[in-house]
Amino acid sequence: MPQGKLFLIPNVLAENTADAVITPQVKEVIAHTKVFLVENLRTARRYISSLKLGVNLEEVHMEILDKNTTPESINRLLQPLFKGADVGIISEAGCPGIADPGALAVAHAHARGIQVVPLSGPSSMFLALMGSGFSGQSFAFHGYLPIDKKERNQALRKLEAESAKEHRAQIFMETPFRNNQLLEDALAALSPQTKLCIAKNLTAADELIQTKTISDWKKNPIDLHKIPTVFILQSF
């Protein structure tokens with residue numbers, strides 16, 4: 001029996017943007033897939049319903065794939081693939097496998113000879129980098145920095161030093177309700193001439209992508225509380 005394919009299905013970054021950012025290919029795959037691995041059942045169902053594809057959600061099987069999923073359970077989650085059914089992975093936002101637990105399933109699929117099919121869609125990390133004016137030749141994504149203030153300041157200075165040495169753009173983020181604290185620490189810890197790009201609410205109507213020096217950001221404070229944001233620094 002032929003094995004199914006593992007589709008990596010992008011989700012929207014902002015509400016009510018599917019018509020603009022979700023491709024016909026993605027919609028076609030969702031319409032013809034009956035098994036999904038998702039981070040959150042409720043939001044995944046809402047996402048599929050919002051696409052208005054005529055999918056009967058009662059006929060769709062969903063399993064949780066999140067940060068708490070163990071490597072031991074992945075084989076069970078991927079069993080439909082071995083029986084010939086396609087499986088789709090849907091993240092909470094953006095593209096599966098990028099700062100996302102979907103990578104665990106993808107690695108397992110490769111080890112078992114399953115074809116993996118990534119689909120194009122919005123990625124906050126790459127959209128921010130594209131709009132930053134920073135190096136697209138050398139960059140690193142660091143995910144979430146330490147929560148502890150002292151450790152976070154040390155991490156910021158380390159990223160700044162590495163950026164200057166390697167001419168590398170350093171990408172990081174924070175839980176939206178802690179964005180303002182992260183920005184406050186960055187403005188205090190980084191050198192005045194280091195550049196910082198702030199990319200908030202990407203793809204939404206009020207999207208903002210701005211790159212300024214730390215010195216200029218101090219003169220023009222911005223409120224990022226509870227707003228999905230990507231930060232990129234580069235020291236020249």
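Everything in this summary refers to the structure shown in the same document. This is a predicted model, so every value here is computed, not measured. Within each chain, residue numbers correspond to sequence positions counted from 1 in written order. Side-chain atom pairs in this predicted model are given and counted only at pLDDT of 80 or more, local residue features only at pLDDT of at least 70, and totals for whole chains, interfaces and linings cover all residues. No hydrogens and no water enter the side-chain calculation; it runs on all heavy atoms of the structure.

**Topic: the packing of aromatic side chains**
For any pair of aromatic rings, geometry is given as the distance between the ring centres together with the angle between the planes.
Step number 1: Whether two aromatic rings pair depends on their centres lying within 6.5 Å, for rings of Phe, Tyr and Trp, where Trp uses its six-membered ring; planes under 30 degrees apart make the pair stacked, over 60 edge-to-face, and the rest tilted. A complete count under the given rule lists 3 aromatic pairs for this structure.
Step number 2: Judged by centre distance (5.7 Å) and plane angle (10°), the ring pair of F172 and F231 falls under stacked. Of this pair, F172 sits in strand 7 (residues 169-173) while F231 sits in strand 10 (residues 229-234); the two residues are 59 residues apart in sequence, bridging distant segments of the chain.
Step number 3: The exposure class assigned to F231 is buried, which follows from its relative accessible area of 1%.
Step number 4: By definition here, charges over rings are those cases where NZ of Lys or CZ of Arg is within 6 Å of the ring centre and within 35 degrees of the ring normal. Geometry around W217 places K212 over its ring, the cationic atom sitting 4.7 Å from the centre. Secondary structure counts use DSSP, requiring at least four H or I residues in a row for a helix and at least two E residues in a row for a strand, with both numbered from the N terminus. Each residue is placed in one exposure class: buried if its accessible area under a 1.4 Å probe, protein chains only, is under 20% of its type's maximum, exposed if it is over 50%, and partly exposed if it falls in between.

**Brief notes about helix 7 (residues 124-132)**
Step number 1: Listed as buried for helix 7 are M125, A128, L129 and S132. Projection of helix 7 onto a plane perpendicular to its axis shows the buried side chains occupying an angular sector of 100°, all on one side.
Step number 2: At its buried positions, helix 7 is contacted by strand 6 (139-144), strand 7, strand 8 (195-200), strand 9 (208-213) and strand 10.
Step number 3: Looking one or two residues past helix 7, G133 carries a phi angle of roughly 85°, positive in sign. Working definition: the arc comes from the directions between the helix axis and the C-beta atoms, pointing outward to the latter. Here, residues are in contact when the closest pair of their heavy atoms is within 4.5 Å.

**Let's talk about unusual backbone geometry**
Excluding glycine, most residues fall at negative phi; most peptide bonds, likewise, are trans.
Step number 1: For N16, which is not glycine, the phi dihedral falls at a positive 65°.
Step number 2: Position of N16 among the secondary structure elements: in the loop between strand 1 (6-9) and helix 1 (18-21).
Step number 3: Not every positive phi belongs to a glycine, and K226 is a case in point at roughly 60°.
Step number 4: Judged by its relative accessible area of 60%, K226 is exposed.

**What about the pattern of salt bridges?**
Step number 1: Throughout this description, the term salt bridge denotes a Lys or Arg side-chain nitrogen within 4 Å of a carboxyl oxygen of Asp or Glu. With the rule as written, the count across this model stands at 7 salt bridges.
Step number 2: Across the salt bridge formed by R152 and D185, the nearest N and O atoms sit 2.9 Å from each other. Here R152, found in helix 8 (residues 149-166), pairs with D185, found in helix 9 (residues 179-189); they are 33 residues apart in sequence, far enough to count as distant.
Step number 3: For R152, a relative accessible area of 5% corresponds to the buried category.
Step number 4: One salt bridge in this structure joins K219 and D216, with 3.9 Å as the shortest N-O distance. Note that K219 and D216 are positioned in helix 10 (residues 214-219) at a spacing of 3 residues, about one turn of the helix.
Step number 5: Of the residues examined, D216 reaches a relative accessible area of 31% and is grouped as partly exposed.
Step number 6: One salt-bridge network, in which partners are shared between bridges, spans K149, R152, E174, R178 and D185.

**Topic: the state of the cysteines**
Step number 1: When two cysteine sulfur atoms are found within 2.5 Å, that pair is recorded as a disulfide. Taken as a whole and assessed by the stated rule, the structure comprises 0 disulfides.
Step number 2: Cysteine C197 shares no disulfide, and the gap to the nearest cysteine sulfur, in C95, comes to 18 Å.

**Some points on the sheet that holds strand 5 (residues 116-118)**
Step number 1: On the basis of which strands lie adjacent, the open sheet formed by 5 strands has the order 3-2-4-1-5 and parallel pairing. Among the strands making up the open sheet, the edge pair consists of strand 3 (61-64) and strand 5. Strand-to-strand, the axes of this sheet are offset by a mean angle of 25°, without reference to chain direction.
Step number 2: The pairing of strand 2 (residues 35-38) with strand 4 (residues 87-90) spans 4 bridges and is parallel. By this definition, two strands are paired if DSSP reports at least two bridges between them. For helices, the axis comes from a line fit to the C-alpha atoms of the stretch in contact; other axes are also lines fit to C-alpha atoms, and the angle between any two N-to-C directions lies between 0 and 180 degrees.

**Thoughts on the sheet that holds strand 8**
Step number 1: Spatially, the 5 strands line up as an open sheet ordered 6-7-10-8-9, and their pairing is mixed. For this open sheet the edge positions go to strand 6 and strand 9, each flanked by a neighbour on one side alone. Each adjacent strand pair in this sheet contributes to an overall mean axis angle of 20°, direction not counted.
Step number 2: Pairing of strand 8 with strand 10, which is carried by 6 bridges, proceeds in the antiparallel orientation. In the sheet register, K200 faces strand 10, and the bridge partner there is T229.
Step number 3: Here helix 7 sits on the sheet and contacts strand 6, strand 7, strand 8, strand 9 and strand 10; the angle it forms with strand 10, its principal contact strand, is near 45°.

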